[in-house]
Amino acid sequence: MTSLQIINPTDQARFERLKPVTFTGKVDPGIVTVELKADDKYSLGNNQVKADGSWSITYSGFTNPGKRKITAFGYDQTNHEEETSIIIYVADSSDYTKTIYEGLVLDAYKKLEHAQSLPTDHKLSDAEGCQLFEQGILPILQSKATFMEATEEGHKKLEKLVEQNKD
């Protein structure tokens, strides 16, 4: 296992086009600088490694949708290089994600390994919503009207259950 790690985002993560992405990771002692590149040619930025071995680089946003290979290069003081890579996917946002996911919190999403540290009031981003849909955790809802109908139906069923269990 390499001493250079990309901790977040996880491999195969999905992001909305033109939205900032923060990459974080850890390195073993000795690495002083980390640089990120997309597809081995586009620089996403670089930063100094903190005393605890952590690093963070925020990229302003990918302009084109598609698959990207993100490579972190770690350099020590003699410019010796280590590298590690992940794959991410950049997608255009779609109307259903904007309508459905804003303000939505899902227990199933919180169970995903990379989401366990999120606060309980976390609002799903478009990328997180797309990922849930692709993993079969969140069914697609076509419109705001469909979502509101499903919510109203759920509230009615819940009220009925509460009414039945009053004794």
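This text goes with the structure placed above it.
Residue numbers restart at each chain and count upward from 1, following the sequence in its written direction. It should be noted that, the model being predicted, local features are given only for residues of pLDDT at least 70 and side-chain atom pairs only at 80 or more, the latter also being counted only at that level, while totals for whole chains, interfaces and linings use all residues. Note that the side-chain values use all heavy atoms of the structure and ignore hydrogens as well as water.

## Remarks on unusual backbone geometry
No. 1: At the junction of Asn8 and Pro9, the peptide bond is cis and its omega measures out at 5° in the coordinates.
No. 2: Mapped onto the elements of the fold, Pro9 is located in the loop between β1 (4-8) and β2 (13-16). Helix and strand definitions here come from DSSP, where helices need a minimum of 4 consecutive H or I residues and strands a minimum of 2 consecutive E residues; each element is numbered from the N-terminal end.

## Brief notes about the sheet that holds β2
Across a sheet, paired strands are connected by hydrogen bonds in the backbone, their directions being either parallel or antiparallel.
No. 1: For two strands to be treated as a pair, DSSP must find at least two bridges joining them. Judged by pairing direction, the sheet is mixed, and its five strands sit side by side in the order β2-β8-β7-β4-β5 without closing on themselves. One side of each edge strand has no neighbouring strand; the edge strands of this open sheet are β2 and β5 (42-48). Ignoring which end each strand starts from, the neighbouring axes of this sheet average 30° apart. The axes used here are C-alpha line fits, helices contributing only the stretch in contact, and every angle between their N-to-C directions lies in the interval 0 to 180 degrees.

## Concerning the pattern of salt bridges
No. 1: For this document, the term salt bridge refers to a Lys or Arg side-chain nitrogen within 4 Å of an Asp or Glu carboxyl oxygen. The final tally for this structure, using the stated rule, is two salt bridges.
No. 2: A salt bridge links Lys19 to Glu16, with the nearest nitrogen and oxygen atoms 3.5 Å apart.
No. 3: Exposure remark for Glu16: the relative accessible area of 12% places this residue in the buried category.
No. 4: Of the charged contacts, one joins Lys69 and Asp40 as a salt bridge, the two residues approaching to 3.2 Å between their closest N and O atoms. Residue Lys69 is found in strand β7 (residues 66-76), and its partner Asp40 is found in the loop between β4 (31-38) and β5; the two are separated by 29 residues along the sequence.
No. 5: For Asp40, a relative accessible area of 41% translates into the label partly exposed. Summary of the burial criterion: residues with accessible area below 20% of their type's maximum are buried, those above 50% are exposed, and those between are partly exposed, where the area comes from a 1.4 Å probe applied to protein chains only.

## Structural notes on the side chain of Arg68
No. 1: Its location among the elements puts Arg68 in strand β7.
No. 2: By the criterion applied in these results, polar contacts are pairs of N or O atoms within 3.5 Å in which, for protein atoms, one can donate a hydrogen and the other can accept it, and in which residues neighboring in sequence qualify only through two side-chain atoms. Within the local environment of Arg68, its side chain forms a polar contact with the backbone oxygen of Asn64, the two atoms lying 2.3 Å apart.
No. 3: Dropping the residues within four chain positions of it, Arg68 is found in contact with Asp39, Phe62, Ile86, Ile87, Ile88 and Val90. Any two residues whose heavy atoms approach within 4.5 Å at even a single point are treated as in contact.

## Brief notes about the environment of Phe73
No. 1: The topology assignment puts Phe73 in strand β7.
No. 2: With a relative accessible area of 9%, Phe73 lands in the buried category.
No. 3: Remark: the alpha-carbon pair of Phe73 and Asn46, spanning 27 residues in sequence, is separated by 9.0 Å.

## Concerning the packing of aromatic side chains
When we look at a pair of aromatic rings, we describe it by the centre distance and by the angle of the planes.
No. 1: Side-chain rings of Phe, Tyr and Trp (the six-membered ring for Trp) are treated as a pair once their centres are within 6.5 Å; stacked means planes under 30 degrees apart, edge-to-face means over 60, and tilted covers the remaining angles. Throughout the structure, instances matching the rule amount to one aromatic pair.
No. 2: Where Tyr59 meets Phe62, the ring centres are 4.9 Å apart and the plane angle is 50°; that geometry is what we call tilted.
No. 3: Residue Phe62 is classed as buried on the basis of its relative accessible area of 4%.
No. 4: Charge over a ring is defined by NZ of Lys or CZ of Arg lying within 6 Å of the ring centre and within 35 degrees of the ring normal. The lysine or arginine in question, Arg14, covers the ring of Tyr89, its NZ or CZ lying 4.4 Å from the ring centre.
No. 5: Sitting above the plane of the Phe73 ring, Lys37 keeps its charged end 5.8 Å from the centroid.

## Details of the environment of Ala38
No. 1: Among the secondary structure elements, Ala38 is positioned in strand β4.
No. 2: Among the residues examined, Ala38 registers a relative accessible area of 3% and is labelled buried.

## Remarks on the sheet that holds β1
No. 1: With respect to topology, three strands assemble into an open sheet ordered β1-β3-β6, the strand pairing being antiparallel. If you trace the sheet from one side to the other, it starts and ends with β1 and β6 (54-59), each paired once. Across the sheet, the mean angle from the axis of one strand to that of its neighbour is 30°, orientation sign disregarded.
No. 2: Note: β1 against strand β3 (residues 21-27), four bridges, orientation antiparallel. Bridged to Asn8 within β3 is Thr24.

## Observations concerning the nonpolar core
No. 1: By size, the foremost hydrophobic cluster in this structure holds 21 residues, and its most contacted members are Phe23, Val34, Leu36, Trp55, Phe62, Ile70 and Ile88.
No. 2: Mapped by element, the contributors of at least two residues to this core are β1, β2, β3, β4, β6, β7 and β8 (81-91).
No. 3: Looking at which element gives the most residues to this core, the answer is β4, with four residues.
No. 4: Once you skip the residues sitting within four places of it in the chain, Ile88 turns out to touch Pro9, Ala13, Phe15, Phe23, Phe62, Gly66, Lys67, Arg68 and Ile70. What is meant by a nonpolar core is a set of buried Ala, Val, Leu, Ile, Met, Phe, Trp, Tyr and Cys residues, joined one to another through side-chain atoms within 4.5 Å.

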